[in-house]
Amino acid sequence: TLLVFQYQPLSIFFQEAQTLQWKIRINRELTELDRVKPYIGKILQEESITVESIQDAQLIVEEILVNIIEYGGNNQHPCFIDLEIKIEDNTLTMVFQDDGKPFNPLTEILAPDLSMNDEVRSSGGLGFYLVQEICDRIDYDYHHGKNILTTYQNINKR
């Protein structure tokens, strides 16, 4: 004999995790930022995310896309960047995939020396440094000919 119980509380405080997900395909052109940033702002605003969290997410997207567009090309046409956005609980996860040359920004972009003034400090690295400061975690993988950069950002709701 086998007896199985499944507890399903009726409390209003119990709620199964719900994952919201969007996918965007982006041409490898800087002008795409004019389309993508407002779109991300709109979908996050509709999910009652705070303005500060939305602005941080838009900054992450801008800095990562600029790096991919300007430095990740491999002269294949057409070249696209796929962006997947997920919200689960209070975490915004963004997955950037591109078919450019392998490039791990976590190991290949050096942190800028913030003690130096702007004229003396070498250019580069500041944007990704900001991304690292905003994100709670960043992962990189190169799989099946694709760079896969995943950012995790704790977000606040209004």
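Our subject is the structure listed above.
1. Quick look at the pairing of strand S3 (residues 91-98)
Counting buried residues in S3 gives six out of eight residues, a clear majority hidden from the surface. Where strand S2 (residues 80-88) meets S3, eight bridges bridge the pair, whose relative direction is antiparallel. Pairing of Ile-81 across the sheet is with Asp-98, part of S3. A loop of two residues connects S2 with S3, the two strands running antiparallel in sequence, and Asp-89 in this loop sits at a positive phi of about 55°. Relative to strand S5 (residues 146-154), S3 runs antiparallel, the two being bridged by eight bridges. Within the sheet, the bridge partner assigned to Asp-98 lies in S5 and is Asn-147.

2. Examining the packing of helix H2 (residues 51-71) against helix H4 (residues 126-134)
Running from N to C, H2 and H4 cross one another at 145°; their axes reach a closest spacing of 9 Å. Crossing of H2 against H4: the hand is left-handed. Contacts from Asp-56, Leu-59, Ile-60, Glu-63, Ile-64 and Asn-67 in H2 reach Gly-127, Phe-128, Val-131 and Ile-134 in H4. Of the residues that constitute the contact of H2 with H4, the class distribution is six nonpolar, two polar and two charged.

3. Here we look at helix H1 (residues 33-46)
Its 14 residues place the ends of H1 20 Å apart at the C-alpha level, agreeing with the 20 Å of an ideal helix rising 1.5 Å per residue. The inward-facing, buried residues of H1 contact strand S1 (19-27), H2, S2 and S3. Looking one or two residues beyond H1, the residue adopting positive phi is Ser-48, at roughly 60°.

4. Examining the sheet that holds S5
Pairing is antiparallel in the open sheet, where five strands are placed in the order S1-S2-S3-S5-S4. Two strands lie at the open edges of the sheet, namely S1 and strand S4 (137-143), each paired on one side alone. Taking the axes of each pair of neighbouring strands and ignoring which way they run, one obtains an average angle of 15° across the sheet. Sheet contacts for H2: S1, S2, S3 and S5; angle to S3, the most-contacted strand, approximately 15°.

What counts as what
Residues numbered from 1 in each chain as written. Predicted model: local features only at pLDDT ≥ 70, side-chain atom pairs only at ≥ 80, totals over all residues. Heavy atoms only, no water. Buried < 20%, exposed > 50% of the residue type's maximum accessible area, 1.4 Å probe, protein only. Helix = DSSP H or I, 4+ residues; strand = E, 2+ residues; numbered from the N terminus. Pairing = 2+ DSSP bridges. Axes fitted to C-alpha atoms, helices over the stretch in contact; angles between N-to-C directions. Left-handed = near helix turned anticlockwise from the far one by under 90°. Contact = heavy atoms within 4.5 Å. Nonpolar A, V, L, I, M, F, W, Y, C, P; charged D, E, K, R; others polar. Expected span 1.5 Å × (residues − 1).

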